[in-house]
Amino acid sequence: MKKRKIPLRRCVSCGESKPKKELIRLVRNTNDEIEIDMTGKVNGRGAYVCRKTECIELAGKSKKLSKSLEKEVPEEIFQELFNLAQTNKEEE
């Protein structure tokens, strides 16, 4: 049986390549709004970040996420990312 290829994506913050499902995708959609894409299928320019609070903080402070999406990321999005990271820690 043929082994299925696992898609890898790179975290914009730490630069680690991880399986796509282990990362959080942010999208600047066609309406020029930034949103969190849990499905991984929303049209638009995407960027990935780890589910670790350290990576999310670094992405905010260094503006790497904003540079990757070519638009300033609102503070509400970072709050949602921190909430997702917290729920991820509780599940582990």
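Conventions and cut-offs
- The numbers attached to residues start from 1 for each chain and follow its sequence in the written order.
- For this predicted model, a pLDDT threshold of at least 70 governs which residues receive local features, and a threshold of 80 or more governs which side-chain atom pairs are given and counted, while totals over whole chains, interfaces and linings are taken from all residues.
- Side-chain descriptors were evaluated using all non-hydrogen atoms of the structure, hydrogens and water having been removed beforehand.
- A pair of strands is labelled paired if DSSP reports no fewer than 2 bridges between them.
- Secondary structure counts use DSSP, requiring at least four H or I residues in a row for a helix and at least two E residues in a row for a strand, with both numbered from the N terminus.
- In this description, a line fitted to the C-alpha atoms serves as the axis of each element, helices being fitted only across the stretch in contact, and the angle between N-to-C directions of two axes falls anywhere from 0 to 180 degrees.
- Residue exposure (1.4 Å probe, protein chains only): buried if accessible area is under 20% of the type maximum, exposed if over 50%, otherwise partly exposed.
- Any pair of N or O atoms that falls within 3.5 Å is considered a polar contact. Within protein, one atom must be able to donate a hydrogen and the other to accept it, and sequence-neighbouring residues count only if both atoms are side-chain atoms.
- In what follows, a contact means two residues having at least one pair of non-hydrogen atoms within 4.5 Å.
- The working definition used for a salt bridge is a side-chain nitrogen of Lys or Arg within 4 Å of a carboxyl oxygen of Asp or Glu.

### Digging into the sheet that holds strand β4 (residues 34-37)
Point 1. Across the sheet, three strands lie side by side as β4-β3-β5; this open sheet has antiparallel pairing. Taken across any chain shown, the strands that pair with only one partner, and hence form the sheet edges, are β4 and β5 (45-50). Neighbour to neighbour, the strand axes of the sheet diverge by 30° on average, direction disregarded.
Point 2. Summarising the sheet, strand β3 (residues 23-28) and β5 pair through six bridges and their orientation is antiparallel. Across the sheet, the residue bridging to L23 is C50, located in β5.

### A few points about the pairing of β4
Point 1. Strand direction decides the pairing type here: β3 and β4, joined by four bridges, are antiparallel. When the bridges of β4 are listed, R25 appears paired with D37.
Point 2. Linking β3 back to β4 in an antiparallel pair, the connection comprises five residues, with D32 at a positive phi of about 65°.

### Comments concerning the environment of Q79
Point 1. Its place among the elements puts Q79 in helix α3 (residues 75-91).
Point 2. Overall, Q79 belongs to the partly exposed group, its relative accessible area being 41%.
Point 3. It is 9.8 Å that separates the C-alpha atoms of Q79 and I56, two residues lying 23 residues apart in sequence.

### Focus on the side chain of R25
Point 1. The residue R25 is located in strand β3 in this model.
Point 2. When its relative accessible area of 10% is taken as the criterion, R25 is described as buried.
Point 3. Side-chain polar atoms of R25 contact the side chain of D37, separated by 2.6 Å.
Point 4. Within polar-contact distance, the side chain of R25 engages the backbone oxygen of V42 at 3.0 Å.
Point 5. When residues no more than four places from it in sequence are discounted, the contact partners of R25 are E35, I36, D37, G40, K41, V42, G44, G46, A47 and Y48.

### Structural notes on the pattern of salt bridges
Point 1. Under the defined criterion, the tally for this structure stands at seven salt bridges.
Point 2. In this structure, the salt-bridge partner of D37 is R25, at a minimum N-O distance of 2.6 Å. With a gap of twelve residues between them, D37 in strand β4 and R25 in strand β3 connect regions that are remote in the sequence.
Point 3. D37 gets classed as buried once you look at its relative accessible area, which sits at 4%.
Point 4. Across the pair E70 and R28 runs a salt bridge, and its minimum N-O distance is 3.3 Å. With E70 in the loop between α2 (64-69) and α3 and R28 in strand β3, this pair connects stretches of sequence that are 42 residues apart.
Point 5. Among the charged side chains, a salt-bridge network with shared partners connects R28, D32, R45, E70 and K71.

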